[in-house]
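Topology and contacts: notes
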Amino acid sequence: MDVIVCGAQVPFVRGGAELHMDNIVKAMQEAGHRAELVHLPTAWEKDRLFDAPLAWRMLPLDADVVISTNFPSYYARHPRKVVWLFHQHRGAYDAIDAPWSDLGLDDDALEVQRQLTEWDTRALGEARHVFTTSHVVADRLARYNGLEGEALYHPPPLAERLHTGEMGDYVFTPTRLETNKRPDLIVDAMSHVSSPVRAVVAGRGSMTADLAARVERGGLGDRVSLPGFVPDDDLVEQYAGALGVIYAPFDEDYGYVTLQAFLAGKPVITSHDAGGVLEWVEDGVTGYVTDGTPEGVADAVERLAADRENARAMGEEGRRRASELSWPAVVERLLSASA
Amino acid sequence: MSDLRIGIAVHAGLSDELHDALVRIAERCDVAPVSDGGRFDAVVRTAESTPAHGERALVWLDDPEAPVPAWASAVLTAPRTADAVAATAPVPVVPLGPAPRHPSARPLAPFTRDRVRRARGLTGPSVAHGGPDGWTWDGADVPDDAVATAAALASVVVAHDEPAAVLAAAWAAPVVAPADVRAEVGLPDVGDDLEAAAESLLADAVARARHARACRAAYERTYDADGAVRTLATVLGVRPSSPWRTGYADALDGLGTPAGSNVRARAHDALRSLRSHR
């Protein structure tokens, strides 16, 4: 079959969503289909919010099946459209009161939010089937648009390269250094950890300088390292040699780090409000779900350090669960839903 | 106005519902009796008739139990029977019937309602009751000129008659109504204890959102003739004859975009330089 995968493009940004789109195309091709990615730039400000959805609406997508992913690519029209929803425009829904959302309580903004809700409901309602990347995304879809979504999990990037290793002397976190990922929580937690466990927080972002300042203020220079961007080869080895992984973002849609940690056989420490991460981290079974305070995270680190055999067992259970994910199963599900 | 050209091949003694459906089509499409000749995108027939060779035919069904003839490209039926027909029909089903009501109503989903109420300083449960004795909001009388506002902003509407139910559903309110009103409007079942149903919806944001969407869908199924004709055009594979004139407008109409919406102006502006000016 000819399959077009549709996604939004944010110029000069490449993150999890972009990787996911590429992986869908690759999985389709490996299953014997012709597949290509079509992506269009989008704008998030309320005055331009509807431009890209309209552009998608006008596109001629001549293929057997169209798989739409994030906002506003699901505005594409096709008789065999299947949506695998990464996320909607969160600034109009669950994150509408966040500082970065420009949809306030003035009449113009209220009408924009109303219209976007109506547009989203209609465009998503056209699909043969709506899948979501997690139950968190499905719940938002139900809550804001009254629509059903079916969670369809997929393997994370590097799935085939991640491997187990020793339960080392550090906890590892690869993440964008942005507010919603809460890397500051990890640095702050380490000041409460008395056992000789280090933390490695890898990644880039707007909080880089702030984190470095926290490390210095806390005298944590020998306990916390901030290596910046880590290439994939090093990333795989960092996972393999860790005692565990701390991943406690706020209300994450899915959480690749969780699954990558599991595939490396490592337990995950997270927070009660981490969203999709909680669909995988089961307290005491595949990791620890903390109260999200630095003290709570520190306590979880201490528990891993105090009982490495249990840490290994939790990591093994995580690996068993994550190993059940497969791209061929995802492809089969997406295409059967388009029929 | 749609580009569809629809032929009519039904005999005298039409049911009232078929008559209404044909009026809706005639208001929006180019319609003529097949006896006039010419090219038609489709011909409306009843089940006992026989299409001409090569003709694309739409069958009107009054009875949801009646079989769909093999020659039918789609079924036209009254909104009250659409769900029952669609359950077994092997071809698309397009409900058509009553004249539009509350065409200026815009759907406000529960989350949007919450925000508008917050912006207006409206606190409290915000439950509206509507019926033959008028409307109330959390027990206080609503003036006649604010009834539409109540329907648009209430967290739940308890509708005691059909007009209140239709108005509320037009605004995509989560509507609870007695069984006879529900049947008349096509609203989802909430049981007979309306107060309990309202309380249950108030307590569950997901259920409220789903219910609101179902209520609006029931309203559109009955009163959105423009949408029904657009669906018919899609089913028949008929594209606009001059898409460069109407292309983006059709796309915007299909999403329910209000006439004065900013995106219409932006789209028009984006194409301005491509138009010749005399």
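The structure presented is a predicted model; accordingly, all values stated were derived computationally and were not measured.

What to know about the overall build of chain A
In terms of helices and strands, chain A carries 11 helices and 12 strands. What you see for chain A is a C-alpha radius of gyration of 21 Å, in line with the 20 Å of a compact globule of 339 residues. Dimensions of chain A, computed from the C-alpha atoms along their principal axes, are close to 60 × 50 × 30 Å. Counting across all 339 residues of chain A, residues that qualify as buried make up 57%. The contacts in chain A between residues at least 6 apart in sequence include a share of 69% that link residues at least 24 apart. Total accessible area on chain A stands at roughly 13400 Å², and carbon and sulfur atoms take up 51% of it.

Quick word on the pattern of salt bridges
Tallied over the full model, the rule gives 48 salt bridges over all chains. Between R266 of chain B and D51 of chain A there is a salt bridge, and its shortest N-O distance comes to 2.5 Å. Here D51 of chain A lies in helix α2 (residues 51-58) and R266 of chain B lies in helix α11 (residues 262-272), a pairing that spans two chains. The class of R266 of chain B is partly exposed, set by a relative accessible area of 32%.

Thoughts on the packing of aromatic side chains
All names here are of chain A. Here the structure, examined in full by the defined rule, presents 14 aromatic pairs over all chains. Consider the rings of Y75 and W119, whose centres lie 5.8 Å apart with planes at 55°: the pair is tilted. Of this pair, Y75 sits in the loop between β3 (65-68) and β4 (81-85) while W119 is found in helix α3 (residues 107-125), placing the two residues 44 residues apart along the sequence. Residue W119 is classed as buried on the basis of its relative accessible area, which comes to 0%. For the ring pair Y93 and Y144, a centre distance of 5.3 Å and an interplane angle of 40° mean the geometry is tilted. Linking Y93 in the loop between β4 and α3 with Y144 in helix α4 (residues 135-145), this pair joins segments that are 51 residues apart in sequence.

Some details on a negative patch on the surface
A grouping of D47, D102, D106 and D108 of chain A is seen on the molecular surface, where their side chains present a negatively charged patch. Take D108 of chain A: it is sitting in helix α3.

A short note on empty space enclosed by the protein
Residues and elements named next belong to chain A. Applying the stated rule across the entire model yields one cavity of 30 Å³ or more. Of the voids in this model, the largest cavity is the one considered here, and its volume is about 60 Å³. If you trace the largest cavity, you find it lined by H87, Q88, H89, R90, Y93, D94, V137, R140 and Y144. Per-class residue counts for the lining of the largest cavity are three nonpolar, three polar and three charged.

Section: the interface of chain B and chain A
Taken together, the contact between chain B and chain A spans 32 residues of the former and 36 residues of the latter. Of the roughly 2900 Å² buried at the junction of chain B and chain A (both faces included), carbon and sulfur atoms supply 57%. Together, F111, R115 and L255 of chain B form the three largest contributors to the area buried by chain B at its contact with chain A, with a combined 25%. For the pair chain B and chain A, the interface holds seven salt bridges. For R120 of chain B, the salt bridge is made with D107 of chain A, and the minimal N-O distance between the two is 3.2 Å. The interface formed by chain B and chain A holds 15 residue pairs in polar contact (both at pLDDT 80 or more) in total. Every element with two or more residues in the side of chain B that touches chain A is listed here: α3 (110-119), α8 (205-223), α10 (243-254) and α11 of chain B. For the side of chain B that touches chain A, the element with the most residues is α8 of chain B, which contributes seven residues. Of the residues contributing to the side of chain B that touches chain A, the split by class is 16 nonpolar, seven polar and nine charged.

Let's talk about the confidence of the model for chain B
Across chain B, the average pLDDT comes to 92, with 97% of residues at 70 or higher. Listed scores for the predicted complex are pTM 0.90 and ipTM 0.89.

Quick word on the side chain of R208 of chain B
Residue and element names in this part refer to chain B. On the secondary structure map, R208 appears in helix α8. The buried charged residue R208 lacks any salt bridge, with D114 as its nearest oppositely charged partner at 4.1 Å. Only 2.9 Å separates the side chain of R208 from the backbone oxygen of L201, close enough to count as a polar contact.

Cut-offs and rules
- Just so you know, the residues in each chain are numbered from 1, in the order the chain's sequence is written.
- Each chain takes a letter, starting from A, and each ligand takes a number, starting from 1, following the order in which they are written.
- Local features in this predicted model are restricted to residues whose pLDDT is 70 or higher, and side-chain atom pairs enter the listing and the counts only when it is 80 or higher, whereas totals over whole chains, interfaces and linings include all residues.
- The basis for every side-chain value is the complete set of heavy atoms in the structure, and neither hydrogens nor water enter the calculation.
- Helix and strand definitions follow DSSP, with helices as H or I runs of at least four residues and strands as E runs of at least two, each counted in order from the N terminus.
- Computation of the radius of gyration draws on C-alpha atoms alone. For the globule rule, the value is 2.2 Å times the number of residues to the power 0.38.
- Relative accessibility decides the category of a residue: with a 1.4 Å probe and only protein chains considered, values under 20% of the type maximum give buried, values over 50% give exposed, and everything between is partly exposed.
- Only heavy atoms matter for contacts: two residues are in contact if any of them lie within 4.5 Å across the pair.
- Surface accessibility follows the Shrake-Rupley procedure with a 1.4 Å probe radius. Residue values consider only the protein chains on display as shielding.
- When a carboxyl oxygen of Asp or Glu is within 4 Å of a side-chain nitrogen of Lys or Arg, the pair counts as a salt bridge.
- To pair, rings of Phe, Tyr and Trp, with the six-membered ring standing in for Trp, must have centres within 6.5 Å; the planes then decide the type, stacked if under 30 degrees apart, edge-to-face if over 60, and tilted in the middle.
- Patch membership needs two things, relative accessible area over 30% and no salt bridge, and members are linked within 9 Å if like-charged or within 5 Å if nonpolar (Val, Leu, Ile, Met, Phe, Trp, Tyr).
- Counting rule applied: Lys, Arg positive; Asp, Glu negative; His and chain ends not counted.
- Throughout, a charge is located at the NZ atom of Lys, the CZ atom of Arg, the CG atom of Asp or the CD atom of Glu.
- Think of a 1 Å grid over the protein atoms and nothing else: a 1.4 Å probe that fits but is trapped marks a cavity, an open set flanked by protein within 12 Å on at least five of seven lines marks a pocket, and residues with an atom within 4 Å of a point count as lining.
- Grid points are joined across faces, edges and corners, and a volume is the space filled by probe spheres set on the points.
- Note that Gly is not counted as nonpolar here; it falls among the polar residues with everything else outside the nonpolar set of Ala, Val, Leu, Ile, Met, Phe, Trp, Tyr, Cys and Pro and the charged set of Asp, Glu, Lys and Arg.
- Summed over both partners, the accessible area (1.4 Å probe) lost when two parts come together is defined as the buried area.
- Distance and chemistry together define a polar contact, namely a pair of N or O atoms within 3.5 Å, with one atom able to donate a hydrogen and the other to accept it when in protein, and with adjacent residues in sequence counting only for side-chain atoms on both sides.
- One confidence number per residue, pLDDT, is output by the predictor and ranges from 0 to 100.

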